[in-house]
Amino acid sequence: MDTGLEKARARAEELRREIEHHDYRYYVLDDPEISDARYDALMRELTALEKEYPQLITPASPTRRVGGQPREGFAPVRHRTPLLSLANAFDEGELFDFDRRVRQALSGETVEYVVELKIDGLAVALRYENSRFVQGATRGDGETGEEITPNLKTVRAMPLRLRRTVPVLEVRGEVYMPKRSFARLNEAREEAGEPLFANPRNAAAGSLRQLDPAVTAARQLSLFVYGVGEAGGLDLQSHSQTLDVLAELGFPVNRERRLFADMEGIIDYCRRWQQARFDLAYAIDGLVIKVNSLEQQARLGATMKSPRWAIAYKFPAEQAKSRVLGIMLRVGRTGVLTPTAILEPVHLAGTTVSRATLHNEDIIRERDIRIGDAVLVQKAGDIIPEVVAAVPEDRTGKEEPFVMPSVCPACGAAVVRPPGEAATRCTNLACPARRREGLIHFVSRHAMDIGGLGPAVLGQLLAAGLVRDPADLYTLRHEDLAALERLGDKSAANLLQAIAKSKANPLHRLIFALGIRHVGERAARILAGHFGSLDRLTRATREELQAIPEIGPAIADSVVNFFAGEQNRRVLEKLAAAGVNMRQEAEAPAGGRPLAGKVFVLTGTLAGFTRQQAQELIEGLGGRVASSVSKKTSYVVAGEDPGGKYDRALALGVPVMREDQFTALVAGAGAEQSGNRPSGGQAENSRT
Ligand code: IVH
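Cut-offs applied
- Residues numbered from 1 in each chain as written.
- Predicted model: local features only at pLDDT ≥ 70, side-chain atom pairs only at ≥ 80, totals over all residues.
- Heavy atoms only, no water.
- Salt bridge = Lys/Arg side-chain N within 4 Å of Asp/Glu carboxyl O.
- Helix = DSSP H or I, 4+ residues; strand = E, 2+ residues; numbered from the N terminus.
- Pairing = 2+ DSSP bridges.
- Contact = heavy atoms within 4.5 Å.
- Axes fitted to C-alpha atoms, helices over the stretch in contact; angles between N-to-C directions.
- Near = heavy atom within 4 Å.
- Polar contact = N/O pair within 3.5 Å; in protein donor to acceptor, adjacent residues only side chain to side chain.
- Areas by Shrake-Rupley, 256 points an atom, 1.4 Å probe, with all protein chains shown as cover.
- Left-handed = near helix turned anticlockwise from the far one by under 90°.
- Nonpolar A, V, L, I, M, F, W, Y, C, P; charged D, E, K, R; others polar.
- Buried < 20%, exposed > 50% of the residue type's maximum accessible area, 1.4 Å probe, protein only.
- Core = buried A, V, L, I, M, F, W, Y, C linked by side-chain atoms within 4.5 Å.
- Phe/Tyr/Trp six-rings, centres within 6.5 Å; stacked < 30°, edge-to-face > 60°.
- Expected span 1.5 Å × (residues − 1).
- Disulfide = S-S within 2.5 Å.

S.K.: How do you make sense of the pattern of salt bridges when you look at a structure like this?
M.R.: Any two side chains of opposite charge can pair if their charged atoms end up close together. The full count for this structure, using the stated rule, is 48 salt bridges. With a closest N to O distance of 3.1 Å, D368 and R370 form a salt bridge.

S.K.: Looking at this structure, how should I read unusual backbone geometry?
M.R.: If a residue is not glycine, its phi is most likely negative; likewise, a peptide bond is most likely trans. In the Ramachandran plot, S131 falls in the positive-phi region, its phi being about 70° despite a non-glycine side chain. Looking at the element boundaries, S131 is found in the loop between strand 4 (122-129) and strand 5 (132-138). Residue D641 is not a glycine yet carries a positive backbone phi of 50°. With respect to the element layout, D641 can be found in the loop between strand 23 (635-638) and helix 23 (644-652).

S.K.: Could you clarify how one ought to interpret the sheet that holds strand 10 (residues 284-291) in this entry?
M.R.: Two orientations exist for strands paired in a sheet by backbone hydrogen bonds: parallel and antiparallel. The five strands are arranged 2-11-10-3-9 in an open sheet whose pairing can be described as mixed. The strands lining the two open edges of the sheet, one partner per strand, are strand 2 (88-89) and strand 9 (257-260). Judged from the seven bridges that link them, strand 3 (residues 113-119) and strand 10 form a sheet pairing that is antiparallel. Across the sheet, the residue bridging to E116 is V288, located in strand 10. In the packing of helix 8 (residues 239-248) onto the sheet, contacts are made with strand 3, strand 9 and strand 10, and the angle to strand 3 comes to roughly 55°.

S.K.: Got a minute to help me understand the site of the ligand in this structure?
M.R.: In the vicinity of the ligand, the residues found are L84, L86, E116, L117, K118, I119, A123, E174, Y226, V288, K290 and P307. Note that an oxygen atom of the ligand is positioned 3.2 Å from one of the side-chain N or O atoms of K118. Within the side chain of K290, a nitrogen or oxygen atom sits 3.0 Å from a nitrogen atom of the ligand. Considering the ligand on its own, with 530 Å² of exposed area, one finds that the protein chains cover 86% of that surface. Put simply, the parts of the chain that give the shell around the ligand at least two residues each are strand 3 and strand 10.

S.K.: Looking at this model, I keep getting lost on the packing of helix 3 (residues 92-105) against helix 9 (residues 263-276). Mind explaining?
M.R.: Helix-helix packing: each pair is described by the crossing angle between the helix axes and the interaxial distance. Put simply, helix 3 and helix 9 touch, their axes get as near as 11 Å, and they point 145° apart. Where helix 3 crosses over helix 9, the handedness of that crossing is right-handed. Touching E92, L95, F96, F98 and D99 of helix 3 are M263, E264, I267, C270 and R271, all from helix 9. Per-class residue counts for the contact of helix 3 with helix 9 are six nonpolar, no polar and four charged.

S.K.: Sorry, what's going on with the pairing of strand 23 here?
M.R.: Sheet faces and side chains relate simply in a regular strand, where the side chains alternate between the two faces. Taking every second residue as pointing to the same face, both faces of strand 23 are buried, with Y635 and V637 on one and V636 and A638 on the other. Sheet topology places strand 21 (residues 599-603) next to strand 23; four bridges connect them, and they run parallel. Within strand 23, the position partnered with T603 by the bridge is A638. As judged from the three bridges shared by strand 23 and strand 24 (residues 656-658), these two strands associate in the parallel manner. Considered in strand 24, the bridge of A638 is made with R658.

S.K.: I'm lost on the nonpolar core in this one. Help?
M.R.: Generally speaking, soluble globular proteins have nonpolar side chains that are buried together. Grouped together as the largest cluster of nonpolar side chains are 54 residues, with contacts concentrated most on L473 and L575. Of all the secondary structure elements, the ones that give two or more residues to this core are helix 12 (432-443), helix 13 (455-463), helix 15 (489-502), helix 16 (507-513), helix 17 (521-531), helix 18 (534-538), helix 20 (553-564) and helix 21 (566-577). The next biggest cluster of nonpolar side chains, apart from the first, holds 39 residues, and it includes Y27, V175, A203 and L236.

S.K.: Sorry, what's going on with the packing of aromatic side chains here?
M.R.: Aromatic rings considered in pairs are described by the distance between their centres and by the relative angle of their planes. Following the criterion strictly, the structure yields 13 aromatic pairs and no others. Centre to centre, the rings of F98 and Y113 are 6.0 Å apart; their planes meet at 45°, and the pair counts as tilted. In this pair, F98 is assigned in helix 3 and Y113 in strand 3, connecting sequence segments 15 residues apart. Y113 sits in the buried class, given a relative accessible area of 0%.

S.K.: Honestly, helix 9 in this entry has me stumped. Any pointers?
M.R.: Owing to its 3.6 residues per turn, the α-helix aligns residues three or four sequence positions apart on the same side. For helix 9, spanning 14 residues, the distance from its first C-alpha to its last is 20 Å, which sits close to the expected 20 Å at 1.5 Å a residue. Among the residues of helix 9, M263, I266, I267, Y269, C270, W273, Q274 and A276 are the ones counted as buried. Summarising the contacts, the buried residues of helix 9 are in contact with helix 3, strand 3, strand 9, strand 10, strand 11 (310-314) and helix 23. The N-cap of helix 9, judged by a side-chain oxygen 3.2 Å from the amide nitrogen of E264 a few residues on, is D262.

S.K.: Is there a simple way to explain the state of the cysteines in this structure?
M.R.: The bond known as a disulfide is covalent and runs between the sulfur atoms of two cysteines. The full count for this structure, using the stated rule, is zero disulfides. Between C411, a cysteine without a disulfide, and C426, which holds the nearest cysteine sulfur, the sulfur-to-sulfur distance is 3.7 Å. Look at C426 and you get buried, because its relative accessible area is 3%.

S.K.: Please clarify how the side chain of R434 should be interpreted in this entry.
M.R.: On the secondary structure map, R434 appears in helix 12. Engagement of the side chain of R434 in a polar contact is seen with the backbone oxygen of N428, the distance being 3.5 Å.

S.K.: Can you walk me through the packing of helix 9 against helix 23 in this structure?
M.R.: Running from amino to carboxyl end, helix 9 crosses helix 23 at an angle of 65°, the nearest separation of the two axes being 8 Å. The residues of helix 23 that touch helix 9, namely those facing R272, W273 and A276, are D647, L650, A651 and L652.

S.K.: Help me out: how do you make sense of the environment of I371 in this one?
M.R.: Mapping I371 onto the fold places it in strand 15 (residues 370-371). A C-alpha to C-alpha distance of 6.8 Å links I371 and F402, two positions 31 residues apart in sequence. Leaving out residues up to four positions away in the same chain, I371 has contacts with V324, L325, G326, I327, E399 and E400.

S.K.: Is there a simple way to explain the sheet that holds strand 7 (residues 168-176) in this structure?
M.R.: Pairing is antiparallel across the open sheet formed by four strands, whose spatial order is 5-4-7-8. Looking at which strands have only one partner, the edges of the open sheet turn out to be strand 5 and strand 8 (222-232). Taking the axes of each pair of neighbouring strands and ignoring which way they run, one obtains an average angle of 25° across the sheet. Relative to strand 5, strand 4 is paired through six bridges, and the arrangement is antiparallel. Paired with E129 across the two strands is R132, which belongs to strand 5. On the sheet, helix 8 packs against strand 7 and strand 8 and is oriented at approximately 110° with respect to strand 8.

So, in structure tokens, the structure goes:
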């Protein structure tokens, strides 16, 4: 017997269990226990073992989440039980009608309902055999879908094996793209002159239906499951029990769900979510009301299209009417000119909107939007305001069509619109607007995170000729800054400190900050992890880059081109000379404030701490304790008998943790003191 192999087999299995456990903590419970660096180390060890002993690779290994070659097409999958759709209710009257129909069909029996969020994504069916994920498919027409197993494997919230033995299980759920990922994806596409996704649902669908799973992997999709198709061996009585069992098996089940005995409570709940939904990290387009008892469900049955035991309450589309006061052009980092409508301020979906993107010249022409027009505005994916259409009936004849200028509004250089692209670009590499956007990106929170360096200060630094590229930030002196308008001695000192601190950032932040086309945060982490130093990355060839899972040809080309640029090389040399960290090992220094920026609210009685003790613990780790729950609250810690703060947290979508979770969090934070974790919020993940 090869003892080396046997040892490797045992260690690989141990690593897989550990990684699965941490994936579950991170992606499903949103309650990680270890730092990203420790997680990456586990993953690296497993990858190395599997490379040395390829015979140990299993299809359910976490390293197989991205693998395989791009495919020719999608095979059809016939669903064993059809994936039905839902009937819709657009107002409260239609909800009462539904309730009446249900009670009538059940001859007046007592009925209990479960109400869930209706996630705006794409329906999928996930098949498990002997507790292992074997096949995933889209809904398709409900009878036949498309087989997208490799793409689904890249969704980290989806378990590859179940936490308990189940012979056969088919689970149904919704794959979705969190609002933040959606916004960033569209920003990047706008910058690259690519067509935009109209909403997170289309973005999720477009990302899942990719022949190359590496593209799906780069898209930060997540999942909520809400039902079963086939469940041999699980003795299920009710829908709420089904959801609990799915959660126990390791599936992400949305925590916002409630039982109701009557419609009045349901209608109240629907009204609350109509507002509270804007605070969620993902888009929902309504709520789903389901009869809880599975036996009653069976008796109610289904029509051709939808079950009689469920209904979707759809939120009214939030649109507002405003007027286009002007069209402004923003010059982005890569020189793309993005037209933005300046609007008469109007209240829409939770905020006041006074500007809205018009994307590009073609869209303005297609929608025939003119300066002075009355327009309808809505938010794509609940966040990005956009002009949907003009209201031609309101025209006076004074409206003016928009004309794309032939020169850059910032520097006067010629602009070009390459054939086949929707984007118009400034051709001047030294364009001050491009430089400014590049700097804004470099210092931004997810990049080098230099607080206090806002667009205004950067603009002044550029205008004064003190800064031409990001590396110049590191040679700024106190007197340079203190001389700027509206910047006192104290602010100048704080800024210098923030700049100096950023030198120790982990490598992936620097890579992201460089603003290499197509290299988002995730790709930056992958590149940092793979090459370990900026120096090695600059020397990487196209082939080497493309051999990395999740790095496709577009990223590889863009990275190689970036480092081939003379100007970029010079900036890197200056950054190195300034002492900016360019190696992977140097994690951010132990800050001692792992809860910095986190706001906690305590409610109910904690068994292990007095309020005072809990507060001191949180503050000792850099967090803050507030007395009331708002959208800014990071976590509500609920002890025994929680009060109204608990309900408010649920309504606002603020994460709630039990005392044991809180204890684990402070214990973990105290032990790690890494301070470099992504922020919480269900499904807002940045782990690669
Ligand atoms: S239950 C037979 N629950 O909405 C019942 N669907 O308009 C099947 N959806 O195709 C659906 N969130 O893609 C259900 N909590 C939820 C849902 C949900 C989103 C989607 C699903 C379905 C569509 C129907």
